[in-house]
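Here are the chains, one letter per residue:
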Amino acid sequence: MSRLTDREIEEIYLEYKTPEHVKGHCRAVTHSAMAIASKLNENGFNLDLDLIYCAGIIHDAARIYPEHQVVIADKMDEMGHHDIAAIVRVHMRYNGFSRNINETDMVCLGDRVVKEDKYVGLDERIEYIIDKAGRTKEVEEKLYKKRDENRKFIKYIEDVCHMSLEDIVGEYEDLR
């Protein structure tokens, strides 16, 4: 599969007027996702790091638009990058975490442990989302349930890699 070039990524950012802080978020999500995927690959997995990079680096490029994930996914489909489109399209509401780890898992998990442009871990990110959505009992119940599901997935990764997620992300050096 062909992947996005650095030039295409910059053109997408320009086309969708991606703010600098959103670009920073995309870079941090990509860094976290790539770190986790690389460590999993060292432990027997075969994840496509280029796909993870491309989906992560543009997943929120149209954040200033309503349904930003659909806007960018449609753009990726238009460009012939259907595998990138599939990941970007579901990143906001992804519930597919399982032991059959795939590239979508990596981008979505990266997004769930990053607040703006920094890795903060799942708990801080969930609290941030709850506050942003408006802290109500219904919102808390829904997001705490998701947090608990995500914790199980993270625990599985940590067991496979024999490291905490924080250590995995912290020791990673960008490859691209």
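Reading the values: rules and limits
- Residues numbered from 1 in each chain as written.
- Predicted model: local features only at pLDDT ≥ 70, side-chain atom pairs only at ≥ 80, totals over all residues.
- Heavy atoms only, no water.
- Helix = DSSP H or I, 4+ residues; strand = E, 2+ residues; numbered from the N terminus.
- Contact = heavy atoms within 4.5 Å.
- Salt bridge = Lys/Arg side-chain N within 4 Å of Asp/Glu carboxyl O.
- Buried < 20%, exposed > 50% of the residue type's maximum accessible area, 1.4 Å probe, protein only.
- Arc of directions from axis to C-beta.
- Phe/Tyr/Trp six-rings, centres within 6.5 Å; stacked < 30°, edge-to-face > 60°.
- Axes fitted to C-alpha atoms, helices over the stretch in contact; angles between N-to-C directions.
- Parallel < 35°, antiparallel > 145°, perpendicular 65-115°, else oblique.
- Left-handed = near helix turned anticlockwise from the far one by under 90°.
- Nonpolar A, V, L, I, M, F, W, Y, C, P; charged D, E, K, R; others polar.

**Comments concerning the environment of His81**
Alright, step 1. Of note, His81 is situated in the loop between α4 (68–78) and α5 (82–90).
Alright, step 2. With 77 residues separating them in the primary sequence, His81 and Leu4 have C-alpha atoms 8.2 Å apart.

**What to know about the environment of Ala33**
Alright, step 1. As for its position among the elements, Ala33 is in helix α2 (residues 20–42).
Alright, step 2. On a C-alpha basis, the gap between Ala33 and Leu143 in space is 21 Å, while along the polypeptide they are 110 residues apart.
Alright, step 3. Excluding residues that lie within four positions of it along the chain, Ala33 makes contacts with Ile52, Met106, Val107 and Gly110.

**Points about the pattern of salt bridges**
Alright, step 1. Counted according to the given criterion, the structure contains 22 salt bridges.
Alright, step 2. Across the salt bridge formed by Arg125 and Asp111, the nearest N and O atoms sit 3.9 Å from each other. On the criterion of sequence distance, the pair formed by Arg125 in helix α7 (residues 122–133) and Asp111 in helix α6 (residues 103–112) is long-range, its members being 14 residues apart. For the pair formed by Arg125 and Asp111, the shared burial category is buried.
Alright, step 3. Notably, a salt bridge pairs Asp148 with Arg147, separated by 3.2 Å at the nearest N-O pair.
Alright, step 4. Judged by its relative accessible area of 16%, Arg147 falls in the buried class.
Alright, step 5. Sharing partners across several salt bridges, the network here consists of Asp123, Arg147, Asp148 and Arg151.

**Some words on the side chain of Gln69**
Alright, step 1. Following the sequence through the fold, Gln69 ends up in helix α4.
Alright, step 2. Those residues in contact with Gln69 that sit more than four places away from it in its chain are Val88, Arg89, His91, Met92 and Arg93.

**Examining α5**
Alright, step 1. The set of residues buried in α5 consists of Ile84, Ala85, Ile87 and Val88. Summarising the axial view, the buried residues of α5 lie within an arc of 165 degrees, below the 170-degree limit, and thus occupy one face.

**Description of the packing of aromatic side chains**
By convention here, two paired aromatic rings are described through the distance between centres and the angle between planes.
Alright, step 1. For the coordinates displayed, the defined rule picks out 3 aromatic pairs.
Alright, step 2. Relative to Tyr65, the ring of Tyr16 lies with its centre 5.7 Å away and its plane at 80 degrees, an arrangement referred to as edge-to-face. Here Tyr65 lies in the loop between α3 (49–58) and α4 and Tyr16 lies in the loop between α1 (6–15) and α2, a separation of 49 residues in the sequence.
Alright, step 3. For Tyr16, a relative accessible area of 10% gives the class buried.

**Digging into the packing of α1 against α3**
Alright, step 1. Relative orientation of the contacting elements α1 and α3 amounts to 20 degrees, with a least axis distance of 10 Å. It follows that α1 is roughly parallel to α3 by the angle criterion. The chirality of how α1 crosses α3 is right-handed. For the pair α1 and α3, contact is made by Asp6, Ile9, Ile12 and Tyr13 and by Tyr53, Ile57 and Ile58, respectively.
Alright, step 2. Split into classes, the residues belonging to the contact of α1 with α3 amount to 6 nonpolar, no polar and 1 charged.

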